[in-house]
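# A look at the structure
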Amino acid sequence: MRWCIRSLPLLSLSLVRCAASSLATLHIPPPPEPPSPVVRAPEAPFDPEESQRFSRETVACSGGDNDACLSLADRFIHGRGAVGDNRRARSILEPLCASSVPRACAALAGLDVWATLPESAVHGRALAQRECSSGQHDACVSLADARSLGLGGPIERDRVEPLLRASCSAAHHPACAALALWLVDHGRVDESTAISQAECTRSEPRACLAAALSAPDQRAADALTERACQLGSARACAAAARRARDGHQLDRAHALFQRACFALVPAAGCADWLDAEPDRFNDVTRSLLSERACLFERDPAVCSRFVRAALVEHEFSLIAPVHSWLAVACDADDPVACSTFAAVLLRERRDDPRIEPWLRASCARRDVFACARLGDWLSLYAPRNESLDAWRRACDQGEVAACRSLASALVERRSDGASPTPARLALAYPWAARGCALRDAQCCLVALYAAQNHREREPVARAACALGLLQHCAVSQR
């Protein structure tokens, strides 16, 4: 059996197994984990009156009553009297919008703006712009959300408040509620109080949340937060979940986090849920929670953590929606956002002049992810020893991607096609073994290739076996 090195995206080198007849990319099965419950959105509490309304609206919608169909779609969107189901809502709204029912188009715009797929968010924002311009104030609220958070297009915060004020002046209560929350979020509590109180009495969830955030005491805040959560505010449910967690009401906290993160749109509290119950979830669910926290809450720290993990694992498909948010956070002098954004640019436009200074500045601040990506950039544009030094620095501090890149670079064939020398293999082994100890299967394979005796081979074979590379289990048991 022999081994070879092949370049992969983002300048990392991946060891692949070379069979005599074909070259197949290595597939690393995930390590076994204890069973984890499947996360599902909780069903809405049973309410006999709501159930009867739901039944009546279902029958009326089937008979062609557009108002009943719109109300039914709203139930599916907000989980009111029915289990939240955006697909069923969309199946109702799309034909109505195609038939030129403006309220259906406005509701569909709200769904699409918050979609995880970039193209859906772009479509939703364009639809919201069109319907808002034609006087559909629900669409104006969705457009304000899009401009505030960079959904489906650029962040345009200076255009949010005028839009909400115009719709609120037209007596559109959801817009007034959104305006109240916008004012509270920007420290203008006195301006929001009258609006939030009036709109909360009309059962507007954003207004009740705004009132809770500006309440004079914790008891009043808790009551308003509970009401906002019941009305469908994911942010309020997440806040209530944090309070329950701090009060050691763990079952209640779990149920509230589940509602906030999975049952409501836009989601909230996903990162807090993950931090509160880290042992509950398997790797797939942890990744899903991080993704939702980034895409729906647009927290720069959470987005940076999620994007960095995706880059290390070569999972790029969900990074595009957070470009604008990372850029804004970087412009606000967030070094973590800058280095994360630089890493994204390195994958897409590696000659961008901002990449090197951002990565160097963050690496100098002991950001090991930035040091690893700086090594990637230097391997393209600087002498070889500079990239090796950057990778060494990052690997030494536990950045597994740097260990992988460094070890692979040290064992790759020379420019004349010759195999690496024993001295070169000896240099590579400790870095590959360190990455292997950090549970990186590719590093384990490089370490096995570079190992020069049984004493070096046996521990990495044992680690490779534990990671699912069963062909090495026999070596580890000798």
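Computed from a prediction, not measured in an experiment: that's the story for all the values here.

## Looking at the overall build of the protein chain
For the protein chain, the count of helices and strands is 26 helices and 3 strands. By residue count, 49% of the 478 residues in the protein chain fall in the buried class. A sequence separation of at least 24 residues applies to 49% of the contacts in the protein chain between residues at least 6 apart. Total accessible area on the protein chain stands at roughly 22,700 Å², and carbon and sulfur atoms take up 52% of it.

## So, helix H9 (residues 189–200)
All of the buried residues along H9 are Ser 192, Ile 195, Ser 196, Glu 199 and Cys 200. An end-on view of H9 places all buried positions within 120° of arc, on one side of the element. Facing away from the buried surface of H9 by more than 90 degrees, the exposed residues are Asp 190, Ala 194 and Gln 197.

## A few points about the environment of Asp 389
Along the chain, the position of Asp 389 falls in helix H21 (residues 384–396). A relative accessible area of 38% means that Asp 389 is categorised as partly exposed. Spatially, the C-alpha atoms of Asp 389 and Cys 371 are 9.3 Å apart, while their sequence positions differ by 18 residues.

## What to know about the state of the cysteines
Enumeration over the complete set of coordinates arrives at 13 disulfides. Between the sulfur atoms of Cys 97 and its disulfide mate Cys 105 the distance is 2.1 Å. Between Cys 97 and Cys 105 the disulfide shows an S-S torsion of about 105°. By sign, it is right-handed. For the pair formed by Cys 97 and Cys 105, the shared burial category is buried. Here Cys 330 engages in a disulfide with Cys 338; their sulfurs sit 2.0 Å apart. The disulfide joining Cys 330 to Cys 338 has a torsion of about 100° about its S-S bond and is therefore right-handed. A single burial state applies to Cys 330 and to Cys 338, both of which are buried. Here Cys 443 is not disulfide-linked; the sulfur of Cys 403 is the nearest cysteine sulfur, at 5.7 Å. Residue classification places Cys 443 among the buried residues on the basis of a relative accessible area of 0%.

## Regarding the pattern of salt bridges
Tallied over the full model, the rule gives 30 salt bridges. Between Glu 156 and Arg 125 there is a salt bridge; the shortest N-O distance is 2.8 Å. Here the residue Glu 156 occupies a position in the loop between helix H6 (137–149) and helix H7 (160–169), and Arg 125 occupies one in helix H5 (residues 118–133), the gap between them amounting to 31 residues. Here Asp 367 and Arg 308 are joined by a salt bridge, their closest N and O atoms 2.7 Å apart.

## Here's the deal with the packing of aromatic side chains
Applying the stated criterion to the full structure yields 6 aromatic pairs. Judged by centre distance (5.8 Å) and plane angle (90°), the rings of Phe 54 and Phe 76 are edge-to-face. Here Phe 54, found in helix H1 (residues 48–62), pairs with Phe 76, found in helix H2 (residues 66–78); they are 22 residues apart in sequence, far enough to count as distant. The burial state of Phe 54 is the same as that of Phe 76; both residues are buried. Ring centres 5.8 Å apart and planes at 35° place the aromatic pair Phe 341 and Trp 358 in the tilted group. Remark: Trp 358 occurs in helix H19 (residues 355–364) and Phe 341 occurs in helix H18 (residues 335–348); sequence separation between them is 17 residues. Judged on exposure class, the residue Phe 341 and its partner Trp 358 are both buried. Aromatic rings pair up to connect Phe 262, Trp 273 and Phe 281 into one cluster.

What counts and what doesn't
Residues numbered from 1 in each chain as written. Predicted model: local features only at pLDDT ≥ 70, side-chain atom pairs only at ≥ 80, totals over all residues. Heavy atoms only, no water. Helix = DSSP H or I, 4+ residues; strand = E, 2+ residues; numbered from the N terminus. Buried < 20%, exposed > 50% of the residue type's maximum accessible area, 1.4 Å probe, protein only. Contact = heavy atoms within 4.5 Å. Areas by Shrake-Rupley, 256 points an atom, 1.4 Å probe, with all protein chains shown as cover. Arc of directions from axis to C-beta. Disulfide = S-S within 2.5 Å. Salt bridge = Lys/Arg side-chain N within 4 Å of Asp/Glu carboxyl O. Phe/Tyr/Trp six-rings, centres within 6.5 Å; stacked < 30°, edge-to-face > 60°.

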